[in-house]
Amino acid sequence: MRFPFRRAALAGAAVLVVSTAPTAPAVADDAVVDPAQYVNPFVGTAPGGADFGHGGGAGNTFPGATAPLGGVQWSPDTVTYQHGGYAYGDNRIRGFSLTHISGAGCKDYGNVPFMPMLAGDRAGRATFSHANEQASPGSYHVNFDNGIGTELTATQRSGIARFTYPDTDDRPAALSIDAGKAFNAATGTVDIGTSTLSGFTDSGGFCKSKNRYRLYFHAAFDHPFAEAAHPDGKPGAAHVSFGPDVRTVTVRVGVSFVSVDGARRNVAAEQHTNPYDEIRRATRAQWNDWLGRIAVGGGTDTRRRVFYTALYHALLHPSTLSDTDGRYPGMDGAIHRTRPGHVQYANFSGWDVYRSQVQLLALLAPHEASDIAQSVLNQGLQAGYFDRWTLANGGTGVMVGDPLPVIAAAVHAFGATDFDARGLLRAAMAGRKDERQRPGHEQYDTVGYVPAGAKGVWGSAATTLEYAVCDYALAQLAHSLGDTAAHDTLLKASGNWRHLFNPATGYLQPRAADGTWPAFTPAQTKEYVEGNAAQYTWMVPHDLPGLFTLMGGNAAVTSRLDTFFTQLNAGGTQPYAYLGNEPSFDTPWAYDYAGRPDRARDTVRRALATLFSDRPDGLVGNDDLGAMSSWAVWASLGMYPQAPGTGQLAQAEPAFPSITLHRPGSPRIVLAAPDPATTSRDVRTLTGTAQARKSS
């Protein structure tokens with residue numbers, strides 16, 4: 001797998017060395033050995049920016065316990081709802097539900113909340129102080145003001161909780177669960193045993209879609225119930241209490257999208273009979289393994305916290321869907337089984353993560369990234385097309401473009417190749433002619449763009465540009481597979497963006513079916529998606545030299561970019577950058593292609609310093625299942641996967657004196673930028689090559 005850097009004109013005083021040779025520079029003596037200590041899971045739980053109408057001004061993350069790419073996210077839910085389930089400004093918790101989505105702009109999951117209480121308490125909530133709350137990778141702990149403590153940790157498909165009750169109150173320890181409660185409307189049933197609670201919940205409706213899912217659960221307690229009942233006769237909820245001497249209660253919970261038996265087996269396979277603290281330590285060790293695949297040396301503690309928190313958030317999704325025996329529900333409604341040793345993943349925020357998050361996964365976790373690509377293919381084959389945003393075992397149709405095939409092409413380009421890439425290409429080529437997958441495809445393929453006002457299309461200009469990016473990514477996949485016919489067809493189509501360039505204005509803008517140009521302003525949002533013409537005009541990541549030629553050359557482009565970055569996060573209605581949302585993600589790196597890597601470096605540095613922090617309000621927009629956080633990780637590395645479907649990386653400057661990437665099964669990659677300064681400096685030389693493995 002190659003990492004060719006964009007070789008723009010370089011000038012100045014700093015040095016960036018990239019090497020994977022055995023004599024690669026050593027990492028700094030203070031390289032992080034326990035990266036989990038620098039993660040703050042509360043980042044993103046409070047608004048860090050303005051609400052521009054695209055999911056709020058917060059990251060919409062959650063602080064609870066989960067494993068890397070885990071299928072259980074056991075996390076607290078506050079009374080005040082915020083996407084993700086947790087609003088940092090609220091001091092009232094109403095339960096600890098088993099499933100969450102990190103960073104989405106719509107609500108879903110929040111299934112089967114557990115709530116510890118004292119017998120007789122029917123308030124359904126409890127207050128707490130952040131001073132009595134801790135969260136770190138793989139675990140969460142809070143003490144309520146009433147003296148009840150909750151500790152949570154998780155494995156890939158299960159969780160374990162330890163509840164402690166105050167000795168100063170003689171009321172029995174109690175607990176409730178509700179299978180009829182989630183962030184969207186839900187129903188369910190709870191079966192009560194002598195020391196177990198099991199059942200299922202039905203919910204769905206992400207972004208008002210018709211998507212529905214069923215989640216099964218099984219909870220086994222370490223004490224028998226003294227009393228147990230369905231409150232108010234509701235079969236979907238249960239209230240249990242324990243003997244008068246019980247002050248600590250431990251419960252092991254498994255989830256499954258297949259069956260209650262599957263949930264029970266998942267607990268047994270992943271937890272055995274290991275105690276809470278041993279499971280917590282094992283999950284933290286797993287997180288340290290994953291986080292430690294990028295070891296940074298030097299830098300301030302604040303910068304390390306920003307970096308490792310972003311890396312943590314970038315490794316939360318997609319989520320494990322299949323059980324330990326490989327079974328999972330497909331998008332055709334049938335039960336399927338993965339190959340032994342492989343996992344089916346779910347929750348693909350396609351429009352968001354294809355830009356930089358999946359490339360990071362492929363770089364750091366090629367085995368899992370290969371399974372992610374195979375999961376994309378499985379979804380497409382089972383549904384008959386590739387949906388844009390999938391949750392659990394169904395599609396939602398949310399957002400635009402054709403992003404899921406791009407995900408597979410992107411991870412393949414970064415060396416995660418253990419999936420049926422030829423099958424993926426065949427299915428993606430067929431899907432290009434499917435109205436469910438590509439609304440407006442007929443006009444796109446005939447006149448070369450999706451016309452303004454096209455039926456069933458949200459944002460004709462944005463959709464045209466998204467299709468062009470997808471076609472380019474698939475063309476690169478076809479080339480690597482030796483499919484010349486598909487490559488030539490796709491590469492030609494990837495140039496369709498040119499049909500939207502209006503030489504009279506210098507913008508990529510909506511176009512009528514007859515070829516005329518409707519009335520236009522650079523700040524207009526009509527025919528764009530969560531952005532405007534000024535922002536989308538730069539969204540040709542696969543052919544910026546071609547775009548810049550049409551714009552009048554590098555000097556003219558540099559001037560336009562300078563104006564564009566007058567504001568970094570202006571929202572969707574202003575003709576400036578909107579780095580709190582995905583369409584602007586790749587634009588800072590466009591400077592490289594205009595021969596001004598110094599401007600790229602300065603803009604990226606400014607964005608890292610002003611848009612990301614280590615506080616709860618440390619994200620200025622939705623994290624979108626790790627998309628925004630992955631941008632911060634790449635920016636800290638001083639590089640960015642500009643063109644989806646290729647291994648090419650645009651270049652800026654690393655944020656740490658030394659960075660070592662440990663890729664499983666491959667030589668290490670070392671980035672050395674001795675003493676990176678906070679003042680303006682130029683990169684003078686770029687030396688070395690990074691070939692982590694042979695291209696396949």
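Only a predicted model underlies this, so the values are computations on that prediction, with no experimental measurement involved.

Colleague: Explain the pattern of salt bridges to me, and be specific about the residues and the numbers.
Modeller: Within this structure, the stated rule accounts for 26 salt bridges. Measuring nitrogen to oxygen at the nearest pair gives 2.9 Å for the salt bridge that ties Arg438 to Asp471. Separated by 33 residues along the polypeptide, Arg438 in the loop between helix H8 (421-431) and helix H9 (441-446) and Asp471 in helix H10 (residues 460-481) bring together distant segments of the chain. A single burial state applies to Arg438 and to Asp471, both of which are buried. With its nearest N and O atoms 2.6 Å apart, the salt bridge here joins Arg605 to Glu653. Residue Arg605 is located in helix H16 (residues 597-611), and its partner Glu653 is located in the loop between strand S27 (650-651) and strand S28 (658-661); the two are separated by 48 residues in the primary sequence.

Colleague: So what's going on with the pairing of strand S29 (residues 669-672)? Residues and values would help.
Modeller: Burial along S29 is two-sided: the residues Ile669 and Leu671 and Val670 and Ala672 are all buried. Note that S28 and S29 share 4 bridges and pair antiparallel. Residue pairing in the sheet places Leu661 in a bridge with Ile669 of S29.

Colleague: An account of helix H2 (residues 276-291) is requested, with residue identities and associated values reported.
Modeller: Here H2 spans 22 Å end to end across 16 residues, near enough to the 22 Å set by a 1.5 Å rise per residue. Every buried residue belonging to H2 is among Tyr276, Ile279, Thr283, Trp287, Asn288, Trp290 and Leu291, and all of these are buried.

Colleague: Break down the sheet that holds strand S21 (residues 348-349) for me, with residues and values.
Modeller: Strand order in the open sheet formed by 3 strands is S21-S22-S23, and the pairing between neighbours is antiparallel. On the outer flanks of this sheet lie S21 and strand S23 (394-395), each paired with one strand and no other.

Colleague: I'd like a rundown of helix H14 (residues 554-564), residues and numbers included.
Modeller: Side chains of residues three or four places apart in an α-helix project in the same direction, reflecting 3.6 residues per turn. Val557, Thr558, Leu561 and Phe564 are the residues of H14 that are buried. Viewed along the axis of H14, the buried residues span an arc of 120°, placing them on a single side of the element. Where H14 is buried, its residues meet helix H12 (533-536), helix H13 (544-551), helix H15 (590-593) and H16.

Colleague: Outline the pairing of strand S3 (residues 92-97), supporting the account with residue identities and numerical values.
Modeller: Relative to S3, strand S2 (residues 75-78) runs antiparallel, the two being bridged by 4 bridges. Within S3, the position partnered with Pro76 by the bridge is Phe96. Relative to strand S5 (residues 126-136), S3 runs antiparallel, the two sharing 2 bridges. Paired with Ile93 across the two strands is Ala126, which belongs to S5.

Rules and cut-offs
Residues numbered from 1 in each chain as written. Predicted model: local features only at pLDDT ≥ 70, side-chain atom pairs only at ≥ 80, totals over all residues. Heavy atoms only, no water. Salt bridge = Lys/Arg side-chain N within 4 Å of Asp/Glu carboxyl O. Helix = DSSP H or I, 4+ residues; strand = E, 2+ residues; numbered from the N terminus. Buried < 20%, exposed > 50% of the residue type's maximum accessible area, 1.4 Å probe, protein only. Pairing = 2+ DSSP bridges. Expected span 1.5 Å × (residues − 1). Arc of directions from axis to C-beta. Contact = heavy atoms within 4.5 Å.

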